[in-house]
Amino acid sequence: MKKELINSTIYQVYVRNFTNEGTFNALSEKLDYIKDLGIDILYLLPISPIGEVGRKGDLGSPYSISDYSKINPELGTLEDFKSLIEATHAHKMKIMIDIVFNHTSRDSFILKHHPSWMYHNKEGNFANKVGDWTDVYDLDTGNPKTISYLIKILEYYISLGVDGFRFDVASYINKAFFIKLNKVMSKKYPNIILLAESAFPNYATYFRSLGFNALSDSELTIYGFDMLYQYSSITEMYKYLETKEIRHLDLYKEALKLENILLPNNALRIRGLENHDQKRIYEYTHDFTIMKNLAAYQVFMKGPMFIYNGLETKADHLENLFTKDTMNLEIDEMWFNFIKLLINFKKEEFNQKLLTSNLLDTTNETLAFKNNYEDGSIAFGIFSLTGKEETITYKDLIDGTYIDYLTNKEFIITNNSISTSEPLFLFKK
């Protein structure tokens, strides 16, 4: 784990939909805005050309790549991308790109020129292991020739100045690839950031039921990933937000406890409810107080803050992945400033010394965490998910006077109890 990541913030951008132009150059013009938010790492969805065969929507999925070594001309030229890298670095930010090595488009360069590098089903045909991905075929990522080629692709982007990679559906890629990748990265590129989209448990279980291997989160950590998605726990939170059934929140709490002990203590998970695959929190609730609690509890937990472009503007829908659907950057000042406050909190030096975020046992629609720091200090995060004042009582809530980081107001815990509707980041006075 790269320790500087623990209190960083990642900003995910879908270049096509981030601006009216949908280009690298237009994104470059927004770097002042992104830097002003407090972002440390700019992360782009895939930037390579999109396949034509089986294309979804009129523009296709950026995850159906025809040639890893090329730049999607809809986004700009190679020189435009290089300029974006340089401009990002000039703004004191790192840049990370999405890598899609589980599959390619159905008219890809590899399929045409190296068909033996593709996955073949029992009948000997090109295929993909997930049935509804009708625009892609899977790669054989256990093939040594495939592995060598894909690592050269990564080295090419590193040579351009790319600082890190997010691996799409990393759990489905052959472990032989990651074992080789880890050797190369640890020896030649130790500072490159690696983020794994680890699988939802139900998807991984289904994948294994078909006779395929799905790598566990612990395996991905062993193979050198600095950060993982929090999909091992978050499913039940999404179900709770959809149904408002407390049983799902209770299951989420149990999953969070398991999440803490299933990986080494230095392993990191990115923290954020939104991404290009998941609904906006505004779609679950239009209640400003609930939204604040949902955003804040993620930031309080150990792990880098993760923002999908538009969280800061209270985006009201998940942009379409397969067509032009420009994001609205119109700012709601109150919400925008709250998100900036959360980013500032994540940047605080004490968060780099955060050891653990332990979930406390609560029985109502609340979440409560106890953060433990290297110097022995603690902090409590208190979050009501109803938008109404809730009382939290738990033996580990230590009586005393505290200052809330978010409001700079004084709060008192008495009889191991505190009541609030607003999110609280409580530090001992």
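As shown above, the structure is provided for reference.
The text that follows walks through the structure, step by step, so that each part is easy to find. (Residues numbered from 1 in each chain as written. Predicted model: local features only at pLDDT ≥ 70, side-chain atom pairs only at ≥ 80, totals over all residues. Heavy atoms only, no water.)

### Focus: the layout of surface pockets
To locate leftover empty space, one rolls a probe as large as a water molecule over the atoms. When its volume is computed, the largest pocket comes out at roughly 780 Å³. Forming the boundary of the largest pocket are 29 residues, of which W133, V169, E197, Y203 and D277 lie nearest the centre. Listing elements by their share of the lining of the largest pocket, those giving two or more residues are α8 (201-209) and α10 (231-243). Here the lining of the largest pocket gets four residues from one element, more than from any other, and that element is α8. Looking at the lining of the largest pocket residue by residue, the classes come out as 14 nonpolar, nine polar and six charged. Here the second largest pocket is characterised by a volume of approximately 330 Å³. Together, 18 residues line the second largest pocket, and P201, S216, D217, S232 and L262 are the ones closest to its centre. Those elements that place two or more of their residues in the lining of the second largest pocket are α8, α9 (217-222) and α11 (246-261). (1 Å grid on protein atoms, 1.4 Å probe; cavity = no way out; pocket = protein on both sides within 12 Å on 5 of 7 lines; lining within 4 Å. Points joined across faces, edges and corners; volume = space filled by probe spheres on them. Helix = DSSP H or I, 4+ residues; strand = E, 2+ residues; numbered from the N terminus. Nonpolar A, V, L, I, M, F, W, Y, C, P; charged D, E, K, R; others polar.)

### Comments concerning the packing of aromatic side chains
Given two aromatic rings, their pairing is described by the distance between the two centres and the angle made by the two planes. This model, assessed by the stated rule, comprises 41 aromatic pairs. Seen from their ring centres, Y297 and F369 are 6.3 Å apart, and the 5 degrees between their planes marks the pair as stacked. In this pair, Y297 sits in helix α13 (residues 288-300) while F369 sits in strand β12 (residues 366-373), placing the two residues 72 residues apart along the sequence. Looking at Y297, the relative accessible area reads 0%, which means it is buried. An aromatic cluster of three or more residues is present, and its members are Y252, Y297, F300, F345, F350, F369, Y373, F383, Y405, F425 and F427. Above the ring of Y119, the side-chain terminus of K129 is found at 4.3 Å from the ring centroid. Above the ring of F338, the side-chain terminus of K292 is found at 5.2 Å from the ring centroid. (Phe/Tyr/Trp six-rings, centres within 6.5 Å; stacked < 30°, edge-to-face > 60°. Buried < 20%, exposed > 50% of the residue type's maximum accessible area, 1.4 Å probe, protein only. Lys NZ or Arg CZ within 6 Å of the ring centre and 35° of its normal.)

### Describing the pairing of β12
Most of β12 is tucked away, with eight of its eight residues classed as buried. Residues T366, A368, K370 and N372 point to one face of β12 and L367, F369, N371 and Y373 to the other, with burial holding for every one of them. Bridge count between strand β11 (residues 354-359) and β12: five bridges; the pairing is antiparallel. Bridge pairing in β12 links S357 to N371. (Pairing = 2+ DSSP bridges.)

### Observations concerning empty space enclosed by the protein
A full pass over the atoms with the stated rule returns six cavities of 30 Å³ or more. One number sums up the size of the largest cavity: a volume of about 100 Å³. Lining the largest cavity are 14 residues, and of these G272, L273, A295, Q298 and L311 sit closest to its centre. Looking at the lining of the largest cavity, the elements with two or more residues in it are α13, β10 (305-308) and α14 (333-347). Of all the elements, α13 adds the most residues to the lining of the largest cavity, at four residues. Of the residues belonging to the lining of the largest cavity, the class tally is 10 nonpolar, two polar and two charged.

### As for the packing of α13 against α14
Pairs of packed helices are described in terms of their axes, by the angle between the two and the distance that separates them. Interhelical geometry of α13 versus α14 gives an angle of 15 degrees and a closest axis separation of 10 Å. With respect to each other, α13 and α14 are oriented roughly parallel. Crossing hand, α13 versus α14: right-handed. Where α13 approaches α14, its residues F288, M291, K292, A295, A296, V299 and F300 are matched on the opposing element by M334, W335, F338, I339, L342, F345 and K346. (Axes fitted to C-alpha atoms, helices over the stretch in contact; angles between N-to-C directions. Parallel < 35°, antiparallel > 145°, perpendicular 65-115°, else oblique. Left-handed = near helix turned anticlockwise from the far one by under 90°. Contact = heavy atoms within 4.5 Å.)

Distances and angles like these do not, on their own, reveal function.
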